[in-house]
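# Architecture and fold: a report
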Amino acid sequence: MCGIVGVVSSAPVNQLIYDALLLLQHRGQDAAGIVTQLDRKFFMHKAKGMVRDVFRTRNMRSLPGNCGLGQVRYPTAGNAFSEEEAQPFYVNAPFGLVLVHNGNLTNAHALKAELFSNDHRHINTESDSEVLLNVLAHELEKTTRGLPLKPMDVFEAVRGVNRRVKGSYAVIALIAGHGLVAFRDPHGIRPLCMGRGEDGSIMLASESVALDGTAHQFERDVAPGEAIFVDLEGQMHTQYCSEKSQLSPCIFEYVYLARPDSTMDGISVYQARLNLGETLAKRVISTVPPSDIDVVIPIPESSRPSATQLAHLLGIPYREGFVKNRYVGRTFIMPGQAVRKKSVRQKLNTIVSEFKGRNVLLVDDSIVRGTTSREIVQMARDAGARKVYMASAAPPVRYPNVYGIDMPTKEELVAHGRSIEEIRQIIGCDALIYQDVDAMKTAVAQARVNAAGALSDFDASCFDGIYVTGDISANDISRLNETRLQVEEGDDDNSRLALPNASV
Ligand SMILES: O=P(O)(O)OC[C@H]1O[C@H](OP(=O)(O)OP(=O)(O)O)[C@H](O)[C@@H]1O
Ligand SMILES: NC(=O)CC[C@H](N)C(=O)O
Ligand SMILES: [Mg+2]
């Protein structure tokens with residue numbers, strides 16, 4: 001998951017894109033970039049780091065124009081430490097194209113070879129997003145029938161992309177001199193929505209929070225397989241560009257990735273987390289008698305709604321036992337295990353009086369590698385807790401994710417191939433309670449607040465091993481691992497780079 005945004009307006013968009021990226025910062029902390037367009041010319045600034053570090057006043061001044069796009073990156077392909085892989089990506093033909101991508105292609109390797117041998121295109125990085133851009137460029141070259149470019153030509157090109165590309169992709173691209181095109185893969189795995197400003201500007205963004213925070217009225221989600229083309233006059237054209245489409249959004253967005261104040265595909269993220277807390281409460285009762293729990297303590301940040309609801313249902317006090325250093329970013333999306341481990345202690349500190357002599361139930365939204373829970377359980381014990389119980393609002397994460405969450409190997413997952421008792425021993429708690437998969441799906445589906453699209457199912461592959469695109473082989477998974485593993489190996493040398501700047 002990365003955060004992407006695109007705007008067509010009648011006024012300069014640089015500040016608007018910056019503000020939207022800041023609202024999407026939780027989706028990617030490694031790199032940020034913006035491209036704007038003026039008189040067919042692109043202006044780009046991108047670099048490693050958080051939004052506030054990457055864009056200084058001088059950079060903002062050099063981004064003129066009334067349309068543009070931006071991205072915050074959380075790498076899931078290629079190299080987290082490479083500046084060249086920061087987005088947007090650019091190719092000069094046809095017309096001049098820049099693109100931002102949230103997701104992960106599962107056939108990038110094969111496409112790269114095909115782009116070279118059949119389409120005679122050169123890919124200069126390990127990023128799957130550069131591959132995606134070149135496929136779009138090739139298809140657009142094929143479908144353009146004279147100038148000016150027509151919306152139908154753009155949609156035909158997106159059709160071509162949907163035929164060739166596999167995996168997850170929410171995309172926004174700018175076509176120099178013509179407009180902005182946005183599209184979502186036929187399963188709608190990664191989110192994308194659109195809204196309008198009072199001045200008529202049209203914004204597309206990963207999450208509705210980016211629209212809310214920039215005074216854009218949320219209009220709707222982009223449907224799976226749909227493409228939206230906004231020309232430079234602000235006229236919007238839409239078309240379905242996939243033979244078959246079925247909405248199966250990634251359930252991990254609701255569990256952890258998205259901000260709770262966002263609504264995605266008609267589902268309130270906050271309500272989904274409350275519901276997860278409610279069903280988790282029922283599981284807790286069957287494992288630990290509530291009379292044996294003195295206090296419920298969330299592990300900040302993402303577990304808070306689930307933990308409040310769980311405590312409310314069990315009738316047990318909810319207390320804040322861990323204080324989060326707001327200047328340290330999200331641990332899970334940092335690249336490399338060494339930096340993730342170090343940052344848990346930097347980020348969270350205990351309030352000893354909430355633990356001393358008490359039986360505590362710690363609640364997290366998910367346990368993935370176990371990095372956070374292992375540290376936290378020990379911290380609770382160090383603070384004097386008598387018993388430490390642990391509950392996860394999501395089921396055990398047992399399978400690699402290939403759709404844009406950086407957990408490419410099953411070996412790194414604490415729950416892979418282990419019983420709950422074995423996981424409990426590794427984490428070091430006195431009891432471990434997990435959500436179950438069906439209860440999670442029901443809880444999230446019931447958080448629907450509007451009837452957007454027909455939700456068929458969720459992609460819950462990291463929990464149940466079922467990949468909604470249906471075409472993932474063991475070979476694909478190990479190939480996707482290869483580049484990521486190199487990143488992990490290099491992580492000690494680079495751990496300094498991955499820590500967000502403390503002066504922000
Ligand atoms: O088992 P692990 O591999 O440690 O991963 C799971 C943890 O990582 C996330 O927290 P994170 O600190 O990234 O973000 P948050 O502040 O939004 O909770 C998530 O909320 C869990 O706490
Ligand atoms: N998390 C994402 O959406 C990542 C996008 C792309 N695969 C990259 O690694 O840059
Ligand atoms: Mg957390």
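Since the structure is predicted, the reported quantities are computational estimates derived from the model, not experimental observations.

Conventions used here
- Residues numbered from 1 in each chain as written.
- Chains lettered and ligands numbered in written order.
- Predicted model: local features only at pLDDT ≥ 70, side-chain atom pairs only at ≥ 80, totals over all residues.
- Helix = DSSP H or I, 4+ residues; strand = E, 2+ residues; numbered from the N terminus.
- Buried ≥ 20, exposed ≤ 12 C-beta atoms within 10 Å, placed from the backbone.
- Contact = placed C-beta atoms within 7 Å.
- Domains from an automatic or database assignment.
- UniProt positions renumbered as here; feature names shortened; annotations may be inferred.
- Near = placed C-beta within 6 Å.
- Nonpolar A, V, L, I, M, F, W, Y, C, P; charged D, E, K, R; others polar.
- Axes fitted to C-alpha atoms, helices over the stretch in contact; angles between N-to-C directions.
- Parallel < 35°, antiparallel > 145°, perpendicular 65-115°, else oblique.
- Left-handed = near helix turned anticlockwise from the far one by under 90°.
- Expected span 1.5 Å × (residues − 1).
- Pairing = 2+ DSSP bridges.
- pLDDT = per-residue confidence, 0-100.

### Describing the overall build of the protein chain
Along its length, the protein chain carries 17 helices and 21 strands. When its C-alpha atoms are laid out on the principal axes, the protein chain stretches across 75 × 50 × 45 Å. Scored against the burial criterion, the 504 residues of the protein chain give a buried share of 55%. Pairs at least 24 residues apart make up 74% of the contacts formed inside the protein chain by residues separated by at least 6 positions.

### Focus on the domain arrangement of the protein chain
Split into domains, the protein chain comes out as domain 1 (3-246) and domain 2 (266-452). Contacts between the two partners involve 17 residues from domain 1 and, on the opposite side, ten residues from domain 2. Per element, the largest residue contribution to the side of domain 1 that touches domain 2 is three residues, and it comes from strand 6 (residues 97-105).

### Concerning the environment of Pro-300
Within the secondary structure, Pro-300 is located in the loop between strand 16 (295-298) and helix 10 (304-314). Residues Pro-300 and Leu-204, spaced 96 residues apart in sequence, show a C-alpha to C-alpha distance of 29 Å. Apart from the residues lying within four places of it in its own chain, the contact partners of Pro-300 are Phe-322, Lys-324 and Leu-348.

### Description of the UniProt feature "domain: Glutamine amidotransferase type-2" (unreviewed entry) in the protein chain
Mapped onto the present numbering, the UniProt feature "domain: Glutamine amidotransferase type-2" (unreviewed entry) falls on residues 2-233. Helix and strand shares over residues 2-233 are 28% and 33% respectively, and the end C-alpha atoms of the span are 28 Å apart.

### Considerations on the site of ligand 2
Neighbouring ligand 2 are 17 residues; Cys-2, Pro-75, Thr-76, Ala-77 and Asn-102 lie closest to it. Contributions of two or more residues to the shell around ligand 2 are made by strand 6 and helix 5 (128-143). Top contributing element to the shell around ligand 2 by residue count: strand 6, with four residues. Broken down by class, the residue content of the shell around ligand 2 amounts to five nonpolar, nine polar and three charged.

### Observations concerning the site of ligand 1
Around ligand 1, the surrounding shell holds 19 residues, and the nearest of these are Glu-301, Thr-331, Phe-332, Arg-369 and Thr-372. It is helix 12 (residues 371-382) that provides the largest number of residues to the shell around ligand 1, a total of three residues. Partitioned by chemical class, the residues of the shell around ligand 1 number seven nonpolar, seven polar and five charged.

### What about the packing of helix 5 against helix 6 (residues 151-164)?
Running from N to C, helix 5 and helix 6 point in directions that differ by 135°, and their axes come no closer than 8 Å. Regarding the angle of helix 5 to helix 6, the classification is oblique. At the point where helix 5 passes helix 6, the crossing takes the right-handed sense. On helix 6, the residues that touch Val-135, Leu-136, Glu-139, Leu-140, Lys-142 and Thr-143 of helix 5 are Asp-153, Glu-156, Ala-157, Gly-160, Val-161 and Arg-164. Each residue belonging to the contact of helix 5 with helix 6 can be placed in one class, and the counts come to five nonpolar, two polar and five charged.

### Some words on the packing of helix 11 (residues 337-347) against helix 12
Where helix 11 meets helix 12, the axes come as close as 9 Å, and the angle between the chain directions of the two elements is 35°. Judged by the sense of rotation from one axis to the other, the crossing of helix 11 with helix 12 is right-handed. Two secondary-structure elements touch here, helix 11 through Arg-340, Lys-341, Val-344 and Arg-345 and helix 12 through Thr-371, Thr-372 and Glu-375. Of the residues belonging to the contact of helix 11 with helix 12, the class tally is one nonpolar, two polar and four charged.

### Description of the UniProt feature "active site" (unreviewed entry) in the protein chain
Those residues carrying the UniProt feature "active site" (unreviewed entry) are Cys-2 in this numbering. Residue placement: Cys-2 occurs in the segment before strand 1 (3-8). Apart from the residues lying within four places of it in its own chain, the contact partners of Cys-2 are Arg-27, Gly-28, Gln-71, Val-72, Arg-73, Tyr-74 and Asn-102.

### Focus on helix 5
With 16 residues, helix 5 should cover 22 Å at 1.5 Å per step; its first-to-last C-alpha distance of 23 Å lies within 8% of that length. Counting buried positions along helix 5 yields 13 of 16 residues, so the element is predominantly enclosed.

### Some thoughts on the sheet that holds strand 20 (residues 387-392)
Sheet architecture is open: four strands sit in the order 16-19-20-21, paired in parallel fashion. In this open sheet, the two strands that pair with only one neighbour each are strand 16 and strand 21 (431-434). Shown here is a sheet whose adjacent strand axes are inclined to one another by a mean of 25°, direction ignored. Of the pairings in the sheet, the one linking strand 19 (residues 359-364) to strand 20 comprises six bridges and is parallel in character. Paired with Leu-362 across the bridge in strand 20 is Met-390. Set on the sheet, helix 10 makes contact with strand 16 and strand 19; between it and strand 16 the angle comes to about 170°.

### Digging into the confidence of the model for the protein chain
Residue-level pLDDT values for the protein chain average 92, and 96% of them are 70 or greater. Below a pLDDT of 50 lies the segment residues 489-504, which in the model reaches 31 contacts outside its immediate sequence neighbourhood of four places, other chains included. We note a pTM of 0.94 for the whole complex and an ipTM of 0.97 for its interfaces.

### Some thoughts on the sheet that holds strand 3 (residues 41-48)
An order of 3-2-4-1-10-9-11 is seen for the seven strands of this open sheet, with the pairing classed as antiparallel. This sheet does not close on itself; its edge strands, each paired only once, are strand 3 and strand 11 (216-221). For this sheet, the mean angle separating the axes of adjacent strands, direction not counted, is 15°. Note that strand 9 (residues 193-197) and strand 11 share five bridges and pair antiparallel. For Arg-196, the partnering residue across the bridge sits in strand 11 and is Gln-217. Packing against the sheet, helix 1 (residues 14-23) makes contact with strand 1, strand 2 (31-38), strand 4 (67-73) and strand 10 (202-205), and its axis sits at approximately 25° to strand 4.

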